Amino acid sequence: MQMPDFEIFNETSDSDLKELKRMILECGERTVIAKGDYFAETGKYCGRIAYICHGSFKCVRTDSRGRERILSFMFENEFIADYIPARNGSPSMLDIMAMEDSVAYMIDIERYRGFFELETDGRTYVRRFIEVLAFGYMWKTLSLACETPEERYFGLQKRVPDIFSRVNLKDIASYIGVTPETLSRMRTAYLRRSDGKY
């Protein structure tokens, strides 16, 4: 079962996201985030949403054994946010870290709350693109439960052909759910298959 990746907030995936991209680029602050710096940190409030113009990020959660678990990657022309905790005034439940020197436009969620929400008959509703972003979270959960490591690998390779030149092997392996050694064998098999030698 091939599923879309977590937080693939690409503007081409839904027309409603084009409006969000336009607003962020027009109203947002251009920010340079150095490799290793955080967009969001576990336990700290992150009330921003951003559009990546250049660079890449990873979503990380540390498990009970102190090991980093990569939940997703985000690249150019995608959105990054930890919207649900921010909407509830809660601290972030994960780390979002730049994997390389990156440039993103950011806006404050509270400042632009009127853009994200609509009020009708005394009730508050979120805009359509927020539903699209939330849908990405749901698909990620299903992906981790239903896809094989090979399916996640092929999906990532298709989405980001130069992934191995931008992301280290250990992080890719963590995302897929295998050891770096297993990932190396999977990659060798993939390259052989691509060359018609497998």
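Residues numbered from 1 in each chain as written. Predicted model: local features only at pLDDT ≥ 70, side-chain atom pairs only at ≥ 80, totals over all residues. Heavy atoms only, no water.

Chemist: Would you explain the overall build of the protein in this entry?
Modeler: Helices and strands together make up the secondary structure of the protein, namely eight helices and ten strands. Classification of the 198 residues of the protein by burial places 43% in the buried group. Taking the intrachain contacts of the protein between residues at least 6 apart in sequence as the baseline, contacts between residues at least 24 apart amount to 73%. About 10700 Å² of surface is accessible on the protein, with carbon and sulfur atoms providing 50% of the total. (Helix = DSSP H or I, 4+ residues; strand = E, 2+ residues; numbered from the N terminus. Buried < 20%, exposed > 50% of the residue type's maximum accessible area, 1.4 Å probe, protein only. Contact = heavy atoms within 4.5 Å. Areas by Shrake-Rupley, 256 points an atom, 1.4 Å probe, with all protein chains shown as cover.)

Chemist: Help me understand the pattern of salt bridges in this model?
Modeler: It is possible for side chains bearing opposite charge to pair when their charged atoms get close. Counted under the stated rule, the structure contains eight salt bridges. Note that R22 is salt-bridged to E26, the shortest N-O span being 3.1 Å. Pair noted here: R22 and E26 are both in helix α1 (residues 15-27), with a separation of four residues, about one helical turn. Salt-bridge contacts for R159 lead to E78; the nearest nitrogen and oxygen are separated by 2.6 Å. Residue R159 is found in helix α5 (residues 149-159), and its partner E78 is found in the loop between β5 (68-74) and β6 (79-81); the two are separated by 81 residues along the sequence. Judged by its relative accessible area of 21%, R159 is partly exposed. Residue E78 is classed as buried on the basis of its relative accessible area, which comes to 4%. (Salt bridge = Lys/Arg side-chain N within 4 Å of Asp/Glu carboxyl O.)

Chemist: Please explain unusual backbone geometry as it appears in this structure.
Modeler: Peptide bonds are mostly trans, and most non-glycine residues show a negative phi. The phi angle at N77 is positive, at roughly 70 degrees, despite the residue not being glycine. Summarising the element assignment, N77 is placed in the loop between β5 and β6. When its relative accessible area of 34% is taken as the criterion, N77 is described as partly exposed.

Chemist: I tried to follow the confidence of the model for the protein on my own but got confused; where do I start?
Modeler: On average, residues of the protein carry a pLDDT of 79, and 70% of them reach 70 or more. Strand β1 (residues 29-33) holds the highest mean pLDDT among the elements of the protein, 97, whereas strand β10 (residues 123-126) holds the lowest, 47. This stretch, residues 1-13, has a pLDDT under 50; its non-local contacts, to residues over four places away or in other chains, come to 50 contacts. (pLDDT = per-residue confidence, 0-100.)

Chemist: Would you mind going over the packing of α5 against helix α7 (residues 169-176) with me for this structure?
Modeler: The relative placement of two packed helices comes down to the angle between their axes together with the axis-to-axis distance. Where α5 contacts α7, the axes come no closer than 9 Å and their chain directions differ by 125 degrees. Our classification of the angle between α5 and α7 gives oblique. Where α5 approaches α7, its residues P149, R152, Y153 and L156 are matched on the opposing element by I172, Y175 and I176. Here the contact of α5 with α7 is composed, by residue class, of six nonpolar, no polar and one charged. (Axes fitted to C-alpha atoms, helices over the stretch in contact; angles between N-to-C directions. Parallel < 35°, antiparallel > 145°, perpendicular 65-115°, else oblique. Nonpolar A, V, L, I, M, F, W, Y, C, P; charged D, E, K, R; others polar.)

Chemist: Even after reading the chapter, I still don't get α5, so can you show me in this structure?
Modeler: At 3.6 residues per turn, the α-helix brings residues three or four places apart onto the same side. Every buried residue of α5 is accounted for by R152, Y153, L156 and Q157. One side of α5 carries all its buried residues, which in axial view fall inside an arc of 130 degrees. (Arc of directions from axis to C-beta.)

Chemist: Explain the sheet that holds strand β8 (residues 102-108) to me, please; I cannot follow it from the model alone.
Modeler: Across a sheet, paired strands are connected by hydrogen bonds in the backbone, their directions being either parallel or antiparallel. Read from one edge to the other, the open sheet built from four strands follows the order β1-β8-β3-β6, with strand pairing classed as antiparallel. Among the strands making up the open sheet, the edge pair consists of β1 and β6. Neighbour-to-neighbour, the strand axes of this sheet turn through a mean angle of 35 degrees, independent of strand direction. Inspection of the sheet shows β1 paired to β8 by five bridges, in the antiparallel sense. Paired with I33 across the bridge in β8 is S102. (Pairing = 2+ DSSP bridges.)

Chemist: How do you make sense of the pairing of strand β7 (residues 95-98) when you look at a structure like this?
Modeler: The two faces of a sheet get side chains in turn, since along a regular strand they alternate between them. Side chains D95 and M97 project from β7 onto one buried face, and the interleaved I96 and A98 project onto a second face that is buried too. Direction of pairing for strand β2 (residues 38-40) relative to β7: antiparallel, over a ladder of two bridges. Bridged to Y38 within β7 is M97.

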